[in-house]
Amino acid sequence: MKRALALLAALYLLAAAGSGLAERFGALACGCADECWCRRPGLNRLRWVFPWHHLPRPTPAQKKDLGSAHS
Ligand SMILES: [Zn+2]
């Protein structure tokens, strides 16, 4: 059981490292807003292996709405 967990953790880190490399070479591009957690240094490695609670980049129309009405 411990071995399986270690293997899983190793695979997870490998996936994180691989996707980080793919991003560096332009194979992947994040569409998140600048405020998203995955934009922070250190956390961006987990961007592709932890796809929850991302903040999508607001469309120009949404940006206009935010500017005129605070809701
Ligand atoms: Zn994000």
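So, here's what we can say about the structure.

Quick notes on the rules
- Position labels on residues start from 1 in each chain and follow its written sequence.
- Two thresholds apply to this predicted model, a pLDDT of at least 70 for residue-level local features and 80 or more for giving and counting side-chain atom pairs, whereas whole-chain, interface and lining totals are computed over all residues.
- Secondary structure elements follow DSSP: runs of H or I no shorter than four residues count as helices, runs of E no shorter than two count as strands, and numbering proceeds from the N terminus.
- We compute the radius of gyration from the C-alpha atoms alone; for a globule the expected value is 2.2 Å times N to the 0.38, where N is the number of residues.
- Counting other C-beta atoms within 10 Å of a residue's C-beta gives its exposure: the residue is buried at 20 or more, exposed at 12 or fewer, and partly exposed in between, where C-beta atoms are placed from the backbone.
- Helix span, expected: 1.5 Å multiplied by one less than the number of residues in the helix.

1. Description of the overall build of the chain
Thought 1: Helices and strands together make up the secondary structure of the chain, namely two helices and zero strands.
Thought 2: Whereas a compact globule of 71 residues would reach a radius of gyration of roughly 11 Å, the chain reaches 16 Å, over 25% beyond that.
Thought 3: When the backbone C-alpha atoms are referred to their principal axes, the chain occupies close to 55 × 30 × 15 Å.
Thought 4: Buried positions account for 1% of the 71 residues belonging to the chain.

2. Details of the environment of Ala29
Thought 1: Looking at the element boundaries, Ala29 is found in the loop between helix H1 (2-24) and helix H2 (60-68).
Thought 2: Taking the C-alpha atoms as reference, Ala29 lies 10.0 Å from Trp48; in sequence the two are 19 residues apart.

3. A closer look at unusual backbone geometry
Thought 1: A positive phi angle, close to 60°, is found at His53, a residue other than glycine.
Thought 2: For His53, a count of 8 C-beta atoms within 10 Å corresponds to the exposed category.

4. A closer look at H1
Note: α-helices contain 3.6 residues per turn, so residues at a spacing of three or four share the same orientation.
Thought 1: Helix length check: H1, at 23 residues, gives a terminal C-alpha distance of 33 Å against a target of 33 Å (1.5 Å per residue), a fit within 8%.
Thought 2: Within H1, only zero of the 23 residues are buried, which leaves the element largely exposed.
Thought 3: Within two residues after H1, Gly26 carries a phi angle of roughly 85°, on the positive side.

5. Notes on the environment of Ala15
Thought 1: Topologically, Ala15 is positioned in helix H1.
Thought 2: Overall, Ala15 belongs to the partly exposed group, with 13 C-beta atoms counted inside 10 Å.
Thought 3: Separated by 29 residues in sequence, Ala15 and Asn44 place their C-alpha atoms 13 Å apart.

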